[in-house]
Amino acid sequence: MNEKKRTAGKGNIQFVPFGDFCRDNQRSIIVICVVLVIAYGLKLFNIAFSHDTEAIISVPESLYSSWMTMGRFGLILIKKLCDFYVFNPYLASVFMFIAMLLGALVWEYLFYCLTGAKADFHKRSWIFPTLFFSAPVMAEQVSFLLQAFEVELAVLLTGVALLWVWKNIIDRKSLVCWLPAVLLLAVCFSCYQTLVPFFIAASIACFILCFDGIKKPWKVIGQLIACFAVSFGVYQIVCKLIMWSMNISMTSYISEQILWGQISVKECIKNILRHIRDVLTASNLYYSIAFSISVVMLLVVVLYRWRKRCSHVQLYMLASAALLLAPFYMTILLGQMPKYRTQIILPFVFGFIIQYFIGWLKGTNSTQNAKLKKIGYVIGGGALLLGVHQSMYVSKMFYSEYVQYQEDVRLAVKITDRIDQLDLGETPEEPVVFIGSRSPRLNKSSSSAYENPGHSFFEWAFTTEYGTFIMKNFLETLGYNYQSPTPEQAEQAVEYSKKMASWPDTGSVIQKDGIIIVKLSDI
């Protein structure tokens, strides 16, 4: 790369060749690879999976139908295009990792092109990817292995779409040139609805990053809003057309999570404020104090720009507030805290701000530049420690998942041996009903304190029919095929089970009136 490109000045938005970016950021790429291998190496090199993945192996058409009713047709589209329609857990893990690594490069390339201080960018370009992709909430997301690759690919493609959007904005391209970005975003939204607020947050981050290089900020905001509106509109229209053609309707899975109208407004507001408090105080293992620190960092930049009376400072303040609020967009929409696996915007925001703040320190014209440089090094060291700590924690999550999976396999073998002892043949005609649930016996190095990893297939038993569906499908992934009960047979089995002993006692597996009953515990 020539020196002119490397020393581009403040506010100089320039789309350099991707190869130049990679050569200029080789050390960062090595750091990113090391952190990701620490975090996801166990997932990459061992066959183990958790909840819902048993369904895509045993009853794929049923699961794909449920995705359709949730408006996630993009997941199915990617699986068919990539020849992953018949699920393979090994390929899912490998390509998830590849998509994650490529996603890290794409997002950093986007930030590299939009930032002005390209000469020093390689010193901090590892920060955002390590903090974002090694976050526990991201690990929760990819613990659902059945969609891990597709969601990570959608995250990557969101970055590609934003590259296209910003290139169109800077080069003042015609409306036709926006079409690929619009279609790409519509596909991303159809993979996972969390990517809707994710795109909004990422757009705001990019806007802040190149704020000083934008001559007409309100025009840019209008273009970003128009791109989002059209993309989301395309997704909604295609979704409705697919459902109309298949004669299906949207499931209540998503709408039932919205508590507005189901509970009082006061309770919804309390839920929102409680979630904000929990995030700011890092109240549990999924949240990091890094977010609170990033809030302070961005406020420092805002105050500095206010004191220097920089142009459009009020707009910069609004954009900063919108970025800090981004992790809670879904909370506000739902009126409650969303699932941890959907909160990937949180590490995106604090990862971006920490990297942005270090760049801002280096670019600040100050007589105390040496002191600011030292502060930047301290923050960078803290970011490295946090990235390594997160990756180690994520590896513990997946180790717990691995131990739980092995325990479930052992339990499945024992249960099927007991069923074999009923002398009903290798593939009994009688349906199997599982009563109750059973938590996994984990070792001292593993834990079930997570939302998904470490939880047994034999403990997802909200109802007898649902629990039987999950456990039967899991047994089928191991080659044990049993018949499903009717609702009446399930009710009958519940009544019979009241007089039965619980697993592993004698009499916990019986055949009664044409029904095989496995009692794991009292209901």
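Just so you know, these numbers come straight off a predicted model, no measurement behind them. Residues take numbers from 1 onward in each chain, read along the sequence in its written order. Local features are withheld for residues below a pLDDT of 70 in this predicted model, meaning they are given only at 70 or higher, and side-chain atom pairs are given and counted only at 80 or more; totals for whole chains, interfaces and linings count all residues. The side-chain numbers reported here are obtained from all heavy atoms of the structure, hydrogens and water having been left aside.

Moving on, we come to the overall build of the chain. For helices the rule is a DSSP run of H or I covering at least 4 residues; for strands it is a run of E covering at least 2, with both sets numbered from the N terminus onward. In terms of helices and strands, the chain carries 22 helices and three strands. C-alpha atoms define the radius of gyration in this analysis, and the globule rule sets the expected value at 2.2 Å times the number of residues to the power 0.38. Computed over the C-alpha atoms, the radius of gyration of the chain is 26 Å, within 12% of the 24 Å expected from 2.2 N^0.38 for a compact globule of 523 residues. Considering only C-alpha atoms, the chain reaches an extent of 85 × 50 × 50 Å along its principal axes. Any residue under 20% of the maximum accessible area for its type is buried, any over 50% is exposed, and the rest in between are partly exposed; the area is computed with a 1.4 Å probe on protein chains only. Within the span of the chain, comprising 523 residues, buried residues form 53% of the whole. We call two residues in contact whenever any of their non-hydrogen atoms come within 4.5 Å of each other. The contacts of the chain with a sequence gap of at least 6 include a subset with a gap of at least 24, amounting to 76%. Carbon and sulfur atoms make up 61% of the accessible area of the chain, which totals about 23300 Å². When charges are tallied, Lys and Arg are placed among the positive residues and Asp and Glu among the negative ones, while His and the ends of the chain are skipped. Just so you know, the charge point we use is NZ for Lys, CZ for Arg, CG for Asp and CD for Glu. Once the 46 positive and 36 negative side-chain charges of the chain are each reduced to a mean point, those two points are 20 Å apart. In short, Shrake-Rupley with a 1.4 Å probe defines the accessible areas, and a residue's cover is counted only from the protein chains shown.

Moving on to the packing of helix H10 (residues 145–171) against helix H12 (residues 195–209). Between H10 and H12, the least distance of the axes is 11 Å, while the angle of their chain directions is 45 degrees. By the angle class used here, H10 and H12 are oblique. In the packing of H10 onto H12, the handedness of the crossing is right-handed. Contacts between H10 and H12 pair Ala154, Val155, Thr158, Leu162 and Trp166 from the former with Leu195, Phe198, Phe199, Ala202, Ser203, Cys206 and Phe207 from the latter. Under the scheme applied, nonpolar residues are Ala, Val, Leu, Ile, Met, Phe, Trp, Tyr, Cys and Pro; charged residues are Asp, Glu, Lys and Arg; polar residues are all the others, including Gly. Here the contact of H10 with H12 is built from residues that sort into ten nonpolar, two polar and no charged. Lines fitted to C-alpha atoms define the axes here, with helix axes fitted over just the stretch in contact, and angles between the N-to-C directions of these axes take values from 0 to 180 degrees. Here the angle decides the label: under 35 degrees means roughly parallel, over 145 means roughly antiparallel, 65 to 115 means roughly perpendicular, and every other value means oblique. Each helix crossing is assigned a hand: it is left-handed if the near helix lies turned anticlockwise from the far helix by less than a right angle, otherwise right-handed if that turn is clockwise.

Right, let's talk about the sheet that holds strand S1 (residues 432–435) for a bit. Here we have three strands laid out as an open sheet, ordered S1-S3-S2, and mixed in their pairing. Every interior strand has two partners, whereas the edge strands, S1 and strand S2 (509–512), have only one. Here the average twist between neighbouring strands, direction ignored, is 25 degrees. Note: S2 against strand S3 (residues 515–519), four bridges, orientation antiparallel. Counted as the bridge partner of Ile510 is Ile517 from S3. At least two DSSP bridges between two strands are needed for those strands to be called paired.

Time to look at a positive patch on the surface. Taken together, the side chains of Arg172, Lys215, Lys216 and Lys219 make up a positively charged region of the molecular surface. Locating Lys216 in the fold gives a position in the loop between H12 and helix H13 (217–246). For Lys216, a relative accessible area of 55% puts it in the exposed group. Nonpolar side chains (Val, Leu, Ile, Met, Phe, Trp, Tyr) within 5 Å and like charges within 9 Å form the patches, drawn only from residues with over 30% relative accessible area and no salt bridge. By convention in these notes, a salt bridge is any Lys or Arg side-chain nitrogen within 4 Å of a carboxyl oxygen on Asp or Glu.

All told, the structure shown has 14 salt bridges when counted by the stated rule. One salt bridge connects Asp120 with Lys123, and the closest N-O pair in it is separated by 3.8 Å. Since its relative accessible area comes to 40%, Lys123 is described here as partly exposed. Measuring nitrogen to oxygen at the nearest pair gives 3.2 Å for the salt bridge that ties Lys498 to Glu495. The exposed category is assigned to Lys498, whose relative accessible area is 57%. Using a relative accessible area of 48% as the deciding quantity, one classes Glu495 as partly exposed.

Before going further, it helps to examine the environment of Phe348. Mapped onto the secondary structure, Phe348 falls in helix H19 (residues 345–363). A relative accessible area of 0% means that Phe348 is categorised as buried. When the C-alpha atoms of Phe348 and Ala135 are compared, they prove to be 9.2 Å apart, with 213 residues separating the residues in sequence. Apart from residues lying up to four places away in sequence, Phe348 is in contact with Trp107, Phe111, Phe128, Phe132, Phe198, Ala201, Ala202 and Ala205.

A cis geometry characterises the amide bond from Trp503 onward to Pro504, with omega recorded as 10 degrees. Here Pro504 is to be found in the loop between helix H22 (487–497) and S2. Of note in this structure, His312 is not a glycine but carries a positive phi near 55 degrees. Assignment of secondary structure puts His312 in the loop between helix H16 (290–307) and helix H17 (313–325).

A word on the confidence of the model for the chain. Looking at any residue, its pLDDT shows the predictor's confidence there, from 0 to 100. When pLDDT is averaged across the chain, the result is 91; 96% of the residues are at 70 or more. Within the chain, helix H8 (residues 127–133) carries the highest mean pLDDT (97), whereas helix H1 (residues 3–6) carries the lowest (36).

The next point concerns the packing of helix H7 (residues 89–114) against H19. Taken N-terminus to C-terminus, the directions of H7 and H19 make an angle of 40 degrees; their axes are 13 Å apart at the nearest point. Judged on the interaxial angle alone, H19 and H7 are oblique. The way H7 lies across H19 gives a crossing that is right-handed. For the pair formed by H7 and H19, the contact residues are Trp107, Glu108 and Phe111 on the first element and Phe348, Phe352 and Gln355 on the second.

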